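What the coordinates show
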Amino acid sequence: MSEHLSKQFDSELDSIRAHVTRMGGLVEEQLLGALNAFGESNQELSKLIVERDKGVDEMEMAIDTACANIVVRRQPTAIDLRMVMAVSKAVTDLERIGDEAKKIAKTTRKIIERGSGGCLTQILQVRHMGEQTATMLREVLDAFVRLDFAAAASIVRRDKEVDQHFRAVVRQLITYMMEDPRTISTALDVIFIAKSIERVGDHCKNIAEDVIYIAKGRDVRHLGLKGLAREMGAE
Amino acid sequence: MNPSHSPIPISALPVKAEVRDFNFHYGAFHALKDITMPLCERKVTALIGPSGCGKSTLLRSFNRMHDLYAGNRYGGEIILHPDQTNLLDPRVDPIEVRMRLSMVFQKPNPFPKSIYENVIYGQRVRGVTKRSLLDDKAEEALRAAALWNEVKHRLHDMAFALSGGQQQRLCIARALATDPEILLFDEPTSALDPIVTASIEELITELKEKVTILIVTHNMQQAARVSDFTAYMYLGELIEFGYTDEIFIKPRDKRTEDYITGRFG
Ligand SMILES: Nc1ncnc2c1ncn2[C@@H]1O[C@H](COP(=O)(O)OP(=O)(O)OP(=O)(O)O)[C@@H](O)[C@H]1O
Ligand SMILES: [Mg+2]
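A short tour of the structure in this document, coming up. For every chain, the first residue of its written sequence is number 1, and the numbers climb from 1 along that sequence. The lettering of chains begins at A and the numbering of ligands begins at 1, in the order of writing. In view of the model being predicted, local features appear only for residues whose pLDDT reaches at least 70, and side-chain atom pairs are presented and counted only at 80 or more, with totals across whole chains, interfaces and linings using the full set of residues. Excluding hydrogens and water, the side-chain figures rest on all heavy atoms present in the structure.

Runs of E in the DSSP output that reach at least two residues are strands. Runs of H or I that reach at least four are helices, and both are numbered from the N terminus. Along the backbone of chain A there are seven helices and zero strands. Its helices and strands taken in sequence order, chain A reads α-α-α-α-α-α-α from the N to the C terminus. C-alpha extents for chain A along the principal axes are approximately 70 × 40 × 20 Å. Across the 235 residues of chain A, 49% fall into the buried class. Using a 1.4 Å probe, accessible areas were evaluated by the Shrake-Rupley method; residue-level cover was limited to the displayed protein chains. Accessible surface computed for chain A: about 11200 Å², of which carbon and sulfur atoms make up 54%. Chain A carries 34 positive and 37 negative side-chain charges, and their two centres are separated by 3 Å. Under the scheme applied here, a residue whose accessible area is under 20% of the maximum for its type counts as buried, over 50% as exposed, and between as partly exposed, the area being computed with a 1.4 Å probe on protein chains only. Think of it this way: Lys and Arg go in the positive column, Asp and Glu in the negative one, and His and the chain ends go nowhere. Each charge is placed at NZ for Lys, CZ for Arg, CG for Asp and CD for Glu.

And the structure:
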């Protein structure tokens, strides 16, 4: 993309993009931290994740303000407008991913404090979901930086798999609960955690759709996978 | 708000005028090249583009202002619907054309006459003399131009006694008094302050209930605010024409995008 006549405008947009990347990095750390705390039953790490969520919220507000300022001062159009609008939506999704990480950490603390049913934290499918969504998050942040809409489209498609894993996890945990009612409290907590992970996948998908909007100017939400394929093929 | 994903195709909309394969030469200088575009009926179309790209030249071709100079050459057609009159046909009387299309310029240019005489000028040219008809026309046009309440008690004062914004609305009233089918605006607010500009933009939006409007503007936000369609011109060519929303959100041509986002070409 060539430069603006106004250098100041260029540097304002660059600064917003840089902030989104930093916020994305922080959210990724939070998510990985929360998943590790859960997998390793690490009380200290859970606490840390909960405390650090404030930082994510602050970044969201700072970026939103910067977007509003650009709209007021520069009246962005075309690619610039799409960028500012998409950033302001994407940071909301990033902030929500941060919230899900915090929830995972809090629930982990509950499980550790309860002290029973710890084996349920070792369910393979949950770990798998965690790895899958962490990868989606890393890749969608990458796609955002490079405005790579093909990569973004593949992330949108992958969200379905996370949803399937979630349903499998629920089925598996129900069998544990039926076998041994003492596991019910912890099994429910693990379902909450799996649900949080599943939500992270949804947010990654939303951000991927924002990337496609910036790059192609097309709103691909609610199109379904067939519609998405059609849009990506167009032009 | 239009909830549907894709807007109505432009080709399906009623058309008031059509520019077809239009070329224009100022002597040896080829100022407009193969321009083809519609003016959709009772819509506002904005012409944007860098200084010298030919916006005013195109606008002026509509009311045959270039006829005044020998050496200027037209090619192609500008068709006015529904009667399919080719405005450029030498057999078409330019005075008649100017009754059907009225022009408002960048700087308000009232005649050195009273407010009243300015408004009914076109009627006088047409030979209307009946006082009551002229009075009615003056009031109607001044009301349509949102000026009536400010001047109704001083209709016979000189037009120059009005403020800049009032003078511009007077020129709009004068343009409206001939009941034109198309209004042509060449940067109508560039000499006016933001408040007056906002009121003229408001007026343009009201006027399109009745007339088709073509407006040249250097103010990109103004184009985005008032127009339904936007044409981007560059070096005498029409680069892109489309719905204003599309041009300002996702233009198809990189040159359009560079221009409206303020980038180096
Ligand atoms: N009377 C004339 N004789 C010769 N060339 C002319 C004449 N009027 C305009 N031109 C040239 O034709 C080209 C288009 O001029 P035009 O006035 O239509 O541009 P414009 O897009 O309206 O520019 P601006 O935004 O500065 O008003 C320019 O290169 C200009 O120099
Ligand atoms: Mg001009």
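Still more to cover.
This part takes up the site of ligand 1. Residue and element names in this part refer to chain B. Ligand 1 sits among Y26, F29, S51, G52, C53, G54, K55, S56, T57, E187 and H218. We define a polar contact as two N or O atoms separated by no more than 3.5 Å, with the added condition that, inside protein, one atom must be a possible hydrogen donor and the other a possible acceptor, whereas residues neighbouring each other in sequence contribute only through side-chain atom pairs. Between Y26 and ligand 1, the recorded distance is 3.3 Å, taken from a side-chain N or O atom to a nitrogen atom. At 2.5 Å from an oxygen atom of ligand 1 is found a side-chain nitrogen or oxygen belonging to H218. Coverage of ligand 1 by the protein amounts to 60% of the 640 Å² it exposes when considered alone. Among the elements that line the shell around ligand 1, the one with the most residues is helix 1 (residues 55-62), at three residues. Gly is placed with the polar residues, together with every amino acid not listed as nonpolar (Ala, Val, Leu, Ile, Met, Phe, Trp, Tyr, Cys and Pro) or charged (Asp, Glu, Lys and Arg). Its residues assigned to classes, the shell around ligand 1 shows three nonpolar, six polar and two charged. We call a residue near a molecule or strand whenever a single non-hydrogen atom of that residue lies within 4 Å of it.

By secondary structure assignment, the location of G217 of chain A is in the loop between helix 6 (184-216) and helix 7 (224-233). As for G217 of chain A and M83 of chain A, which are separated by 134 residues in sequence, their C-alpha atoms are 9.8 Å apart.

Residues and elements named next belong to chain B. Pairing is antiparallel across the open sheet formed by four strands, whose spatial order is 2-1-4-5. At either margin of the open sheet sits one strand with a lone partner, and together these are strand 2 (29-40) and strand 5 (85-86). Two strands form a pair only when DSSP identifies at least two bridges running between them. The pairing of strand 1 (residues 15-26) with strand 2 spans eight bridges and is classified as antiparallel. From the neighbouring strand, Y26 faces strand 2, where its bridge partner is F29.

Further remarks concern the sheet that holds strand 3 (residues 44-48) of chain B. Each strand in a sheet pairs with its neighbour through backbone hydrogen bonds, running either in the same direction (parallel) or in the opposite one (antiparallel). Residue and element names in this part refer to chain B. In spatial order, the strands read 6-7-8-3-9-10; together these six strands make up an open sheet with mixed pairing. Looking at which strands have only one partner, the edges of the open sheet turn out to be strand 6 (101-104) and strand 10 (237-243). Within the sheet, the average angular offset between the axes of one strand and its neighbour, ignoring direction, is 15 degrees. Pairing of strand 3 with strand 9 (residues 229-234) involves four bridges; the strand directions are parallel. Opposite L47, over in strand 9, you have A231 as the bridge partner. The contact criterion used throughout is that any non-hydrogen atoms of two residues lie within 4.5 Å. What counts as an axis is a line fitted to C-alpha atoms, over the stretch in contact for a helix, and the angles between N-to-C directions run from 0 to 180 degrees. Lying on the sheet, helix 1 is in contact with strand 3, strand 6, strand 7 (182-186), strand 8 (212-216) and strand 9; it crosses strand 7 at an angle near 150 degrees. Contacts from helix 7 (residues 164-176) reach strand 6 and strand 7 within the one sheet, and its direction differs from that of strand 6 by about 170 degrees.

With that settled, the discussion passes to the pairing of strand 9 of chain B. Side-chain direction in a regular strand flips from residue to residue, so the side chains alternate between the two faces of the sheet. Counting buried positions along strand 9 of chain B gives five out of six residues, so the element sits mostly inside the fold. Between strand 9 of chain B and strand 10 of chain B, which pair antiparallel one after the other, the connecting turn spans two residues, and L235 of chain B there sits at a positive phi close to 50 degrees.

Once that is clear, we can look at the interface of chain A and chain B. Listed by partner, the interface residues are 19 residues for chain A and 14 residues for chain B. By convention, the term buried area covers the 1.4 Å-probe accessible surface removed from two parts as they join, with the contributions of both added. With both sides pooled, the region where chain A packs onto chain B buries about 1500 Å², and carbon together with sulfur makes up 53% of that total. Criterion for a salt bridge: a side-chain nitrogen of Lys or Arg within 4 Å of a carboxyl oxygen of Asp or Glu. In this structure, D80 of chain A and R263 of chain B form a salt bridge, with 2.9 Å as the shortest nitrogen-oxygen distance. The tally of links from chain A across to chain B stands at eight residue pairs in polar contact (both at pLDDT 80 or more). Split by residue class, the side of chain A that touches chain B holds eight nonpolar, five polar and six charged.

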